[in-house]
Amino acid sequence: MITRLGIAGTAAARDEVLNRLRGSGRILVIALPVARLLAGLVALGAVAAAGLGGYWLAAGTEAVERLWVPSAETAPADAVVDMPELVVNLRRDTPSRFLKIGLSLTVAPRDRQTLERAMPQLTDSLQEFLRNLDQDDLEGSAGLHRLRSEIRRRFNLILSDPAGRRDVVTDVLLRSLLTQ
């Protein structure tokens, strides 16, 4: 009997809510979510306008105009050139005696032939640099970052044009790194 009364009470409550919605309550059920949606869209528009205004203040009018104009020229993807794997002796005072490293270099497609012609000089420079390293130079992610950035700097010094205005090697990728 208790469950029947509970069900009957629930049905009565449901009927009461439905009767309210048939009148002026129906407008609130529709109007309130629509109002919330519009308020959210207005807030999103305000945030976008504030971001665009900040970019305009920081970068200038020409930069904002470039946002809306499609670029006529798309840059070709960088070419990846693999260097041969090297095995070098590390410094004598190091617990690890050998380093095996495999590198890939990313360059602009127009610089690929320049890089391939200079590969013997790059390999020589890399061996000279790696032979002066010890185990501590390769420790952790900071050590690997320093290694990659130093190799990139050295290669760009070898490959750069006389004015030195742009880097030929855009990134150095480690394919393999093993110390023993």
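What you see is a predicted model, and the numbers here were worked out from it, not measured in a lab. Along each chain, residue indices are assigned from 1 in the same order as the chain's sequence is written. With the structure being a predicted model, the display of local features is reserved for residues of pLDDT at least 70 and the display and counting of side-chain atom pairs for 80 or more, all residues being used for whole-chain, interface and lining totals. Excluding hydrogens and water, the side-chain values take into account all heavy atoms of the structure.

Every helix listed is a DSSP run of H or I at least four residues long, and every strand listed is a run of E at least two residues long, numbered separately from the N terminus. Counting secondary structure elements, the chain contains six helices and four strands. Counting from the amino terminus, helix and strand elements in the chain follow one another as α-α-α-β-β-β-α-α-α-β. The contact rule is simple, with two residues in contact once any of their heavy atoms fall within 4.5 Å. Counting only contacts in the chain whose residues sit at least 6 apart along the sequence, the fraction spanning at least 24 positions is 67%. Areas reported here follow the Shrake-Rupley algorithm with a probe of radius 1.4 Å; residue values treat only the protein chains shown as occluding. With the model as given, the accessible surface of the chain reaches about 12,900 Å², and the carbon-plus-sulfur share is 59%.

Moving on, we come to the pattern of salt bridges. Salt bridge, as used here: a side-chain nitrogen of Lys or Arg that lies within 4 Å of a carboxyl oxygen of Asp or Glu. Inspection of every chain in the model, using the stated rule, returns seven salt bridges. When the shortest N-O distance is used, the salt bridge between R175 and D82 registers 3.6 Å. Of this pair, R175 sits in strand β4 (residues 169-179) while D82 sits in strand β1 (residues 79-82), and the two are 93 residues apart along the sequence. Categorising residues by exposure relies on relative accessible area from a 1.4 Å probe, with only protein chains included: less than 20% of the type maximum marks a residue as buried, more than 50% marks it as exposed, and the intermediate range marks it as partly exposed. A relative accessible area of 38% places R175 in the partly exposed class. Members of the salt-bridge network, linked through shared partners, are E150, R153 and R154.

The axes of two packed helices give the description: the angle between them and the distance between them. Helix α6 (residues 140-159) packs onto helix α5 (residues 119-130) with a crossing angle of 140° between their chain directions and a minimal axis gap of 10 Å. Taken together, the axis directions place α5 and α6 in an arrangement best described as oblique. In terms of crossing hand, the pair formed by α5 and α6 is right-handed. Residue-level inspection shows Q121, L122, S125, L126, F129 and L130 of α5 in contact with α6, the latter providing L147, E150, I151, R154, F155, I158 and L159. Of the residues that constitute the contact of α5 with α6, the class distribution is nine nonpolar, two polar and two charged. Note on geometry: axes are C-alpha line fits, over the in-contact stretch for helices, and angles between N-to-C directions span 0 to 180 degrees. An angle below 35 degrees is treated as roughly parallel, one above 145 as roughly antiparallel, one from 65 to 115 as roughly perpendicular, and anything else as oblique. Crossings are sorted by hand: turned counterclockwise from the far helix by less than a right angle, the near helix makes the crossing left-handed, and turned clockwise it makes it right-handed. Classification convention: Asp, Glu, Lys, Arg as charged; Ala, Val, Leu, Ile, Met, Phe, Trp, Tyr, Cys, Pro as nonpolar; all other residues, Gly among them, as polar.

Glancing now at the side chain of N156. With respect to the helices and strands, the residue N156 is situated in helix α6. Those residues within four positions of N156 in sequence are excluded, and the remaining contacts are D167, V168 and V169.

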